[in-house]
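The residues making up each chain are set out below.
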Amino acid sequence: MNNTDMLILFLITLCATIFFTWYIKRILLKARIADNPIVSEHRHKSGTPTMGGIAFLFTISFIISLYYQNTPILLVSFIMLAGGIVGLVDDLIGLKVKEVQKIVVNISDEVIALGRLDVEPGEEVRVATPKAKAEVDELLKDGKVEVVGEVPIKTEPEEVEKIICQIVLGLFLGFTGAVTTLGGFQLGIFAIPVVVIAILGCINSVNLIDGMDGLAAGIVGIASISCCVYGYLFGPASIIPPFLILAGICLGFLVFNKYPASIFMGDTGSFVLGTGYAAAVLVCDIPYFGVLALGVPIISVIVSLLHRAHIIKLPVEPLHHTLNHYGMSEVKIILTYWGATVLLCIIGILAKMYLF
């Protein structure tokens, strides 16, 4: 593809995503399929349509119909489509409420322990863990906390079921035989496990970071544009088209998803972006820069894993919600994460230019 063809590809993806997101948003509003955040700082967002990632599926299908003869585009697009279907199933299951959890506030003058958390005076927390649920009645009886609200918790597939579905997505890509080398190494029999691990890591990184207006779309968009720049500067040019599609989807969705968002992507969208980014990095064989460009979500996953392993303790998971919990505004967090992603991408390009 020459430069003009690639520009046309980007513009088609961008415009298609804008149109389909607008259309899907109307349908979701009429169907009253809306988000109900469990984080207390985000409860004002209740009623915002979710599952906006369905628009990505329409865009990708449109791209496949136009570029079915371009193997890299076709391959990455099919994997994105499969990822989106898995995310859509997750979203549909989540429409059913599993339980309703209490939100309590510490009305005493001292720090109290609730579950794994140390709750400051005046601080609101959600009673989520079994330990917290067992302790809250006694604290209510003692007059140390007060119930200030309730949030419905959506039904989710078991973690093992999620992992199996994500492994299957990795196998889909691995079985194509498109990934044989990575970072200068011949993978041989290790190709399939490497692909599976990459897909798993990328899906969960993007899915975890998708918790604020435009956060995931912005980060993946910046990383994808940077990969296009990387391909333009260092070649081959075949690197660019798959990332142009990702960039077009992200920027098109940000028209409606930027702060204050009027639609959320849901697991459907985050699975499309996570699967697509991993597939593009693997197929285009730019693992070092690709991982660095997605460094912010990867670090967020590491912090969450440390929290779940009881090595560190977060009042709210993941990290961006903790920052918001401690008073950092949502806009500042989003801009900080976007800025950090830009910085990592610049470092990667400069390192490639002058060091490697």
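What you see as residue numbers is a count from 1 along each chain, following the sequence as written. It should be noted that, the model being predicted, local features are given only for residues of pLDDT at least 70 and side-chain atom pairs only at 80 or more, the latter also being counted only at that level, while totals for whole chains, interfaces and linings use all residues. Side-chain calculation: all heavy atoms of the structure are included, whereas hydrogens and water are not.

(A) Structural view of the sheet that holds strand S4 (residues 124-126). For two strands to count as paired, DSSP must find a minimum of two bridges between them. Secondary structure is summarised from DSSP: a helix means a run of H or I of at least four residues, a strand means a run of E of at least two, and numbering begins at the N terminus for each. Taken in spatial order, the three strands make up an open sheet running S4-S1-S5, and their pairing is antiparallel. Because the sheet does not close on itself, it has two edges, and the strands there are S4 and strand S5 (145-154). Direction aside, neighbouring strands of the sheet carry axes that sit 25° apart on average. Pairing between strand S1 (residues 97-106) and S4: three bridges, direction antiparallel. Its bridge partner being in S4, Val105 is matched across the sheet by Glu124. Note on contacts: a residue pair is in contact if any heavy atoms of the two residues lie within 4.5 Å. Structural elements are reduced to axes, namely lines fitted to C-alpha atoms, with helices fitted over the stretch in contact, and the angle between N-to-C directions of any two is expressed from 0 to 180 degrees. Strands S1 and S5 of the sheet are contacted by helix H4 (residues 130-141), whose axis makes an angle of about 155° with S5.

(B) Geometry of the side chain of Asn324. Tracing the backbone shows Asn324 in helix H12 (residues 319-325). Judged by its relative accessible area of 12%, Asn324 falls in the buried class. Within polar-contact distance, the side chain of Asn324 engages the backbone oxygen of Met328 at 2.9 Å. The buried label goes to any residue with under 20% of its type's maximum accessible area, the exposed label to any with over 50%, and the partly exposed label to all in between, with areas taken from a 1.4 Å probe on protein chains only. N or O atoms closer than or at 3.5 Å make up a polar contact, with two conditions inside protein: a donor-capable atom paired with an acceptor-capable one, and, for residues adjacent in sequence, both atoms drawn from side chains.

(C) Layout of the packing of helix H5 (residues 159-175) against helix H6 (residues 191-209). For the pair H5 and H6, the least separation of the axes is 8 Å and the interaxial angle reads 130°. Considering the angle they form, H5 stands oblique to H6. The two elements H5 and H6 cross, and the hand of that crossing is right-handed. In this structure, H5 uses Ile163, Gln166, Ile167, Leu169, Gly170, Leu171, Leu173, Gly174 and Phe175 to contact H6, whose residues at the interface are Ile192, Val195, Val196, Ile199, Leu200, Ile203 and Asn204. Across the contact of H5 with H6, the residue classes tally to 12 nonpolar, four polar and no charged. Here the word oblique covers every angle except those under 35 degrees (roughly parallel), over 145 (roughly antiparallel) and from 65 to 115 (roughly perpendicular). The crossing is said to be left-handed when, going from far helix to near helix, the turn is anticlockwise and less than a right angle, and right-handed when the turn is clockwise. Each residue is assigned to one class: nonpolar for Ala, Val, Leu, Ile, Met, Phe, Trp, Tyr, Cys and Pro, charged for Asp, Glu, Lys and Arg, and polar for all the others, Gly among them.

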